[in-house]
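Each chain is listed here by its residues.
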Amino acid sequence: MIVKADLHIHSVLSPCADLEMSPVNIVMRAAEMGLKLIAVTDHNSTLHGPLIRTLAEQHGIYCLYGAEVNTREEIHCLCLVDTEDQRQSLQAFIEQNITRIPNNPDIFGYQVVVNEHDEIVQEIDYLLHAALVKGIDEVAGFVHGIGGVFIPAHVDRPKYSVTSQLGFVPPSLSYDALEISRNTTVDAFKRNNPIKPNTQFIRNSDSHFPNQIGTSFTEYNLESLSFKCFKDSILNTGSSTVLPVI
Ligand SMILES: [Zn+2]
Ligand SMILES: [Zn+2]
């Protein structure tokens, strides 16, 4: 089946995201946009994953767990996992390794976990934007070690990307795909950046507002709507595939 996916969505938990990015609103908008696979990738947090998965299932949408982790080099990376055990492992890894800087909501924005009625159930008091003390290779190694998928985010962007921070995509970096923004094409990126052959590219919205959800997406040809088939498609194992992003 052809599955339309947006795997980079921020919820209200991200300090920079709109307060309208509640779990309920995210899922409603994803359904309106015809998405069948989503991932809520807040900055350095997975805490909205379980509620959004539950709500998404009611619309026939599968929600991967994950986070947009900020590495020691200030490189944003999508870390995607599936089971509750994996999510908790990723969350613990982040909490153990994030630089603890108190959040000032007036400057950076609120960082709240809400329930299905949009009531606040938790507020995170340290800044979720902060970098981890772990470098990108260590984060990639950790994510792969728990069976997750590791994708450097918006690699063409002039901020918080592997190219902006390191100047290039290191040949030794163990990534499963690269995410490009809507501002470039695969060919244009490859022209300017030598990368490993057979690198898979995906595109997502990096939504911070509801009306951005699904405006950039990738289509996957999956045998079934599952993390296993998504992972097969990204890793080029099995018969599920990523449809070309241009
Ligand atoms: Zn980012
Ligand atoms: Zn993002």
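A brief look at the structure comes next. (Residues numbered from 1 in each chain as written. Chains lettered and ligands numbered in written order. Predicted model: local features only at pLDDT ≥ 70, side-chain atom pairs only at ≥ 80, totals over all residues. Heavy atoms only, no water.)

Thoughts on the coordination of the zinc ion (ligand 1)
Note the threshold: Distances up to 2.8 Å from the metal define which N, O and S atoms are donors, and 3.2 Å serves for Na, K and Ca; water is absent from the atom set, so sites may look incomplete. Helix and strand assignments come from DSSP, with helices taken as H or I runs of at least 4 residues and strands as E runs of at least 2, each series counted from the N terminus. Throughout this description, buried means an accessible area under 20% of the type-specific maximum (1.4 Å probe, protein chains only), exposed means over 50%, and partly exposed covers the range between.
Of the protein atoms, only Glu68 (OE), His76 (ND1) and His154 (NE2) coordinate the zinc ion (ligand 1), at distances of 2.1 Å. Mapped onto the sequence, the donors of the zinc ion (ligand 1) take the spacing E-x7-H-x77-H. Between the zinc ion (ligand 1) and the zinc ion (ligand 2), a separation of 3.5 Å is found, and both are coordinated by glutamate 68. Here the residue glutamate 68 occupies a position in strand β3 (residues 62-70), and histidine 154 occupies one in the loop between β7 (149-152) and α6 (162-166), the gap between them amounting to 86 residues. Given the relative accessible area of 1%, glutamate 68 is considered buried.

Re the sheet that holds strand β10 (residues 218-221)
Rule in force here: Any two strands are treated as partners once DSSP identifies two or more bridges connecting them. Contacts: residue pairs with any heavy atoms within 4.5 Å of one another. Every axis corresponds to a line fitted to the C-alpha atoms, with the helix fit spanning only the stretch in contact, and the corresponding angles, defined between N-to-C directions, vary from 0 to 180 degrees.
Read from one edge of the open sheet, seven strands run β7-β4-β3-β2-β1-β10-β11, paired in mixed fashion. The sheet is open, and its two edges are formed by β7 and β11 (241-242), each paired on a single side. On the sheet, helix α3 (residues 84-97) packs against β3 and β4 (76-81) and is oriented at approximately 15 degrees with respect to β3. Taken strand by strand, helix α5 (residues 136-145) contacts β3, β4 and β7, and its axis lies near 150 degrees from that of β7.

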